[in-house]
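Residue-level structural notes
If you want the building blocks of each chain, they are given just below.
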There are 2 protein chains.
Amino acid sequence: MTADVSYDPRTGGVNGEVPITPEAEVDAIVAAAAACATEVAAVPPTERARWSGAIADALEAARDELVDLADSETALGRKRLEGEVGRTAGQLRFYADVAVEGSYLGATIDHAAGANPALVRVNVPRGPVAVFGASNFPFAFSVLGNDTASALAAGCPVVVKGHPAHPLLSRRLGALVTEALRDAGAPEGVFGIVHGFDAGVRLVEAPQITAVAFTGSQRAGMALRDAAEKRDVPIPVFAEMGTVNPVVVTAAAAQARLSEIASGFVGSFTLGTGQFCTKPGLMLAPRGSGAAEAVAEALREASPQGWSLTQGIAEAASTGVRELVDAGAEVVAQVDGPDAGWSVASTVLSVPLDALEPGSRLLEECFGPVALVAEYDDGEALARTVGALQGTLAAAIMAEGDEDPDLPGTLAQLTTKAGRVTVGDFPTGVSYTWAQHHGGPWPATSDPTATSVGAAALTRFTRPVTYQSVPDPALPAPVRDDNPWGIPRRVDGRLVLP
Amino acid sequence: MTADVSYDPRTGGVNGEVPITPEAEVDAIVAAAAACATEVAAVPPTERARWSGAIADALEAARDELVDLADSETALGRKRLEGEVGRTAGQLRFYADVAVEGSYLGATIDHAAGANPALVRVNVPRGPVAVFGASNFPFAFSVLGNDTASALAAGCPVVVKGHPAHPLLSRRLGALVTEALRDAGAPEGVFGIVHGFDAGVRLVEAPQITAVAFTGSQRAGMALRDAAEKRDVPIPVFAEMGTVNPVVVTAAAAQARLSEIASGFVGSFTLGTGQFCTKPGLMLAPRGSGAAEAVAEALREASPQGWSLTQGIAEAASTGVRELVDAGAEVVAQVDGPDAGWSVASTVLSVPLDALEPGSRLLEECFGPVALVAEYDDGEALARTVGALQGTLAAAIMAEGDEDPDLPGTLAQLTTKAGRVTVGDFPTGVSYTWAQHHGGPWPATSDPTATSVGAAALTRFTRPVTYQSVPDPALPAPVRDDNPWGIPRRVDGRLVLP
């Protein structure tokens with residue numbers, strides 16, 4: 001392969017192509033990132049915030065052009081993509097603000113006391129980070145997405161591997177950010193982009209790369225993780241992978257508002273043609289509630305129409321439905337997609353609860369507008385099934401008011417399996433705020449403490465260093481006596497606000 | 001093997017033995033830990049602090065008996081061991097205090113705003129933790145060491161694998177803590193101990209175990225890590241492994257006080273018969289300073305005498321010296337150990353700087369009272385050598401005052417390689433305070449963000465969960481509106497002190 005080819009999902013036609021990056025160029029880009037890492041690390045977060053702001057401004061200024069390009073490669077529609085550009089600019093500014101606030105530095109100062117020497121501890125940037133974007137959010141989880149924005153905010157140079165599902169947009173965004181950073185006075189090398197599978201492998205193997213951030217399938221995430229483990233110096237791969245994101249309907253909720261819940265569930269699992277890592281792929285509803293039929297009816301009524309991002313995703317969704325049937329599920333409703341391009345049918349299947357056993361295909365993600373419905377007899381059966389689930393990014397409970405007797409127990413169970421548990425809300429949306437966690441127990445993420453969205457996203461890209469008996473002028477700014485960056489710190493065990 | 005045999009290092013004689021734990025018993029202990037995990041997680045840190053305090057009190061009350069037993073198995077001497085008992089009790093109380101302070105919970109509250117739903121984020125205990133203690137600190141890094149104390153403080157049940165270098169003490173400590181916890185009203189299962197290699201493997205493979213903490217050799221740490229990766233659900237192994245811990249002497253310091261530095265270096269690398277993970281194994285001094293001869297003279301003058309903890313360690317230290325010679329080093333001074341038991345010679349070797357190349361045996365730990373000395377020509381040569389070093393737990397700079405021109409550059413270089421950098425202090429001592437970091441870049445630790453000493457040790461045993469639109473009464477205590485635990489929290493992006 002010599003190029004990433006860009007296709008129009010609506011027709012299957014070719015938009016153009018982007019040549020893959022030759023090895024020597026990958027090496028030069030990585031070397032440039034490594035060469036400026038110390039300089040970038042020493043820059044105050046306020047200055048890096050200026051860089052991120054410049055990128056965000058450039059992104060918004062080019063919105064219409066970028067949305068056209070993105071829509072031609074993803075078929076996600078202008079409205080959704082316009083919103084995503086705004087979100088991506090917002091993310092860049094948010095992570096920069098988080099860095100400026102400074103708590104992510106974990107600045108801690110213990111003055112010498114008795115036999116204990118003076119110690120200060122601060123999180124320092126790891127160094128150059130490789131970012132593998134996702135297909136399904138060409139702005140918000142790709143070249144300029146949460147990973148790039150949080151790594152830059154944390155003081156790490158970034159080398160992006162452009163996604164082959166939107167190579168033209170990736171290249172255009174790469175040029176845009178390079179220019180914006182140059183204009184803002186950032187050092188050469190702080191951002192780079194490569195294209196092509198082999199270039200991605202070379203990135204992960206490059207000795208100067210210190211961490212990898214990835215959003216995508218379990219298969220690809222695990223392959224990157226294996227490659228990173230085989231290095232002379234293994235590095236972390238923060239892989240956020242697809243999961244089933246179960247929705248539990250309590251008895252009271254099913255009785256009070258099943259059809260409303262069914263409509264919401266359909267809206268959630270067919271949003272973006274089911275191409276969300278937080279897509280709810282499984283509803284667990286009370287026995288006899290008729291949940292499967294209610295969801296089937298809601299699906300037929302909504303009749304969602306959309307395209308898969310790639311031919312491979314469209315084919316995998318169809319294959320996935322067949323695999324689910326082979327594993328014991330039964331199709332109860334199917335709505336065909338558009339007549340042309342990478343069309344995909346939206347599908348609801350019902351499945352007996354006892355088929356949901358550990359290791360079953362039924363408990364793995366089927367990426368696309370596909371969901372299962374199962375009915376449970378009682379709390380004990382529900383608990384057993386939740387126990388069988390894999391770790392998941394999110395889980396939702398549809399309960400009936402705060403007094404629903406099934407709420408506390410279900411919440412406690414789902415918390416053991418999910419990185420985020422919602423009550424009343426479907427899991428699809430992921431806001432970028434301080435308290436967000438977008439990650440979860442294995443295999444949702446390779447490290448269940450890591451989040452790719454929210455303020456804590458920065459900490460993936462730092463490591464702590466303790467300085468013992470080091471003279472004050474030789475210390476990094478965040479832990480110098482006079483607190484030049486004006487950040488919250490822990491001094492002799494007490495949190496001190498600036 | 002049916003038992004861990006206890007030997008007296010001073011004579012090689014047998015003290016007694018502890019039967020290995022049968023599989024069924026290991027399983028029962030793990031099951032008991034899992035059965036109480038939810039209960040332990042919900043207990044307020046103040047209550048868990050009472051448990052830890054009860055253990056600390058019991059430890060101090062039994063000090064004389066425990067020290068006698070430990071000395072018979074380790075030959076570390078009563079004085080050192082008495083200090084270690086006090087330290088271990090102090091650690092138990094410190095980690096409990098850190099938990100009560102509550103920042104480790106990372107409690108974060110974002111109220112609903114615009115399109116963003118209400119989110120709260122809090123670190124929850126991972127669940128049962130397996131702790132593999134170290135041979136070299138029979139109290140402070142073993143059954144009741146930093147790992148056990150921080151895991152309990154974080155709300156996780158603990159199952160310890162007793163160390164075969166001090167099996168009788170391990171068993172005695174296991175009984176002591178079990179009794180103390182029972183008297184304090186802690187649930188059955190919150191602490192367990194197993195003995196024997198196979199029991200340790202079974203622990204790591206047990207599906208209910210959620211994390212492993214380990215202190216010891218790279219070989220053993222990597223073996224545990226591989227086993228943990230092969231599970232259906234991989235779990236983290238927080239392995240803190242031995243490293244070289246280089247000491248750099250600046251030109252000014254060498255000129256001003258070389259013999260003082262040489263004496264300090266000898267004291268540090270022969271402390272505890274060289275059996276510290278923070279033992280400085282390499283001195284880098286200016287060309288022509290005569291550092292190797294100065295260290296040799298200091299060694300002959302100090303004439304340290306001690307035993308290795310085990311026959312294996314004694315043999316590995318002798319073999320290690322031969323390997324260093326084969327790799328290009330030359331013995332410049334050697335002081336024989338005692339005439340009986342697991343005696344080991346204290347050894348200083350000199351080595352040409354250019355032999356210190358990546359991959360060389362010279363850059364790997366030699367556990368025991370053994371150290372290398374090399375001389376560098378200039379800052380560039382020093383930088384190249386530091387660049388070749390493996391990641392390390394600690395590194396030290398011997399500089400001459402705050403104005404030493406070589407201090408800033410050397411500090412910046414060593415920071416890229418070490419989890420802790422000291423100026424003026426030798427690296428051996430590791431205080432347990434808020435700002436401590438006892439970890440470092442690969443291969444010092446399997447995860448360079450993890451520390452086994454200091455307040456941040458707790459975070460290894462938690463994972464974050466975000467609750468979205470969850471009614472306040474259903475939330476965990478740390479993130480309920482009324483802040484029942486009185487902890488620092490971040491509310492709508494602002495840190496709020498209690």
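Please refer to the structure higher up on the page.
All values derive from a computational prediction rather than experimental measurement. (Residues numbered from 1 in each chain as written. Chains lettered and ligands numbered in written order. Predicted model: local features only at pLDDT ≥ 70, side-chain atom pairs only at ≥ 80, totals over all residues. Heavy atoms only, no water.)

**Quick notes on the nonpolar core**
What counts here: Throughout, nonpolar core names a set of buried Ala, Val, Leu, Ile, Met, Phe, Trp, Tyr and Cys residues whose side chains join them through atoms within 4.5 Å. Classification of residues uses two cut-offs on accessible area relative to the type maximum, computed with a 1.4 Å probe and protein chains only: under 20% is buried, over 50% is exposed, and between them is partly exposed. Note on definitions: a residue-residue contact is assigned when non-hydrogen atoms from the two residues lie within 4.5 Å.
The biggest cluster of nonpolar side chains holds 108 residues, and the ones touching the most others in it are A:Leu284, A:Leu356 and B:Tyr467. Each residue touching A:Leu356, except ones within four places of it in the same chain, is listed here: A:Leu282, A:Leu284, A:Val351, A:Leu362, A:Leu363, A:Ala374, A:Thr385 and A:Ala388. Core analysis: the second largest hydrophobic core is formed by 107 residues, A:Tyr95, A:Ala107, B:Ala329 and B:Leu356 among them.

**Section: the packing of aromatic side chains**
Just so we agree on the cut-off: Think of it this way: a Phe, Tyr or Trp ring, Trp meaning its six-membered ring, pairs with another when their centres are within 6.5 Å, and the plane angle makes it stacked under 30 degrees, edge-to-face over 60, tilted otherwise. Where helices and strands are cited, they refer to DSSP runs of H or I of at least four residues and of E of at least two residues respectively, numbered from the N terminus.
Taken as a whole and judged by the stated rule, the model has 18 aromatic pairs over all chains. With centroids separated by 6.3 Å and ring planes inclined at 85°, the aromatic side chains of A:Phe238 and A:Phe461 adopt a geometry described as edge-to-face. On the criterion of sequence distance, the pair formed by A:Phe238 in strand 9 (residues 237-241) and A:Phe461 in the loop between strand 16 (418-423) and strand 17 (462-468) is long-range, its members being 223 residues apart. Overall, A:Phe461 belongs to the buried group, its relative accessible area being 0%. On the basis of an interplanar angle of 85° and a centroid distance of 6.1 Å, the ring pair of B:Phe94 and B:Trp434 is categorised as edge-to-face.

**Concerning the sheet that holds strand 6 (residues 158-161) of chain B**
Residue and element names in this part refer to chain B. Selection rule: Two strands qualify as a pair provided DSSP detects at least 2 bridges between them. Angles run from 0 to 180 degrees between N-to-C directions of axes, and those axes are lines fitted to C-alpha atoms, restricted for helices to the stretch in contact.
The strand order across the open sheet formed by five strands is 7-6-5-8-9, and the pairing between neighbours is parallel. Every interior strand has two partners, whereas the edge strands, strand 7 (191-194) and strand 9 (237-241), have only one. Averaged over all pairs of adjacent strands, the angle between strand axes in this sheet comes to 15°, irrespective of strand direction. Bridge count for strand 8 (residues 211-216) against strand 9 is five bridges, and the pairing is parallel. Along strand 9, the bridge assignment pairs threonine 215 with glutamate 240. Of the strands in this sheet, strand 5 (129-132), strand 6, strand 7 and strand 8 are in contact with helix 5 (residues 146-153), which crosses strand 6 at around 170°.

**Let's talk about helix 5 of chain B**
All names here are of chain B. The buried count for helix 5 comes to eight of eight residues, which makes it a mostly enclosed element. Turning to helix 5, its buried residues number three or more, namely Asn146, Asp147, Thr148, Ala149, Ser150, Ala151, Leu152 and Ala153. Looking one or two residues past helix 5, glycine 155 carries a phi angle of roughly 95°, positive in sign.

**With respect to the interface of chain B and chain A**
This is how the line gets drawn: Summed over both partners, the accessible area (1.4 Å probe) lost when two parts come together is defined as the buried area. Each salt bridge in this description consists of a side-chain nitrogen of Lys or Arg and a carboxyl oxygen of Asp or Glu lying within 4 Å of one another.
Taken together, the 58 residues of chain B in the interface contact 58 residues of chain A. Summed over both partners, the interface of chain B with chain A comes to about 4,900 Å²; 57% of that surface belongs to carbon and sulfur atoms. In terms of surface lost to chain A, no three residues of chain B exceed B:Ala435, B:Arg463 and B:Gln468, which account for 12% of the buried area on that side. The interface formed by chain B and chain A includes four salt bridges. A salt bridge links B:Arg490 to A:Glu101, with the nearest nitrogen and oxygen atoms 3.1 Å apart.

**Digging into the relation of the copies chain B and chain A**
This is how it is decided: The fit set for superposing copies consists of C-alpha atoms from residues with pLDDT of at least 70 in both; the fit itself is least squares.
When chain B is fitted to chain A, the residual RMSD is 0.0 Å, and the transformation amounts to a turn of 180° plus an axial shift of 0.0 Å. Given the turn and translation reported, the copies of this chain are related as if by a two-fold rotation axis. If distances are taken from each C-alpha of chain B to the rotation axis, the shortest is found for B:Leu497, at 4.3 Å. In this assembly, 100% of the residues forming the interface of chain B have copies in chain A that are likewise at the interface, indicating an isologous arrangement.

**Structural notes on the packing of helix 2 (residues 45-61) of chain B against helix 4 (residues 78-101) of chain B**
Angle between the axes and distance between the axes are the two parameters that describe a pair of packed helices. All names here are of chain B. The condition that has to hold: These descriptions rest on fixed angle ranges, namely under 35 degrees for roughly parallel, over 145 for roughly antiparallel, 65 to 115 for roughly perpendicular, and the rest for oblique. Here the nonpolar group is Ala, Val, Leu, Ile, Met, Phe, Trp, Tyr, Cys and Pro; Asp, Glu, Lys and Arg are the charged ones; every other residue, Gly included, is treated as polar.
Two numbers describe how helix 2 lies on helix 4: the axes approach to 9 Å, and their chain directions differ by 175°. When the interaxial angle is binned, helix 2 and helix 4 end up roughly antiparallel. Of helix 4, the residues touching helix 2 (which contributes Pro45, Thr46, Ala49, Ser52, Ile55, Ala56, Asp57, Leu59 and Glu60) are Val85, Thr88, Ala89, Leu92, Arg93, Ala96, Ala99 and Val100. Of the residues that constitute the contact of helix 2 with helix 4, the class distribution is 11 nonpolar, three polar and three charged.

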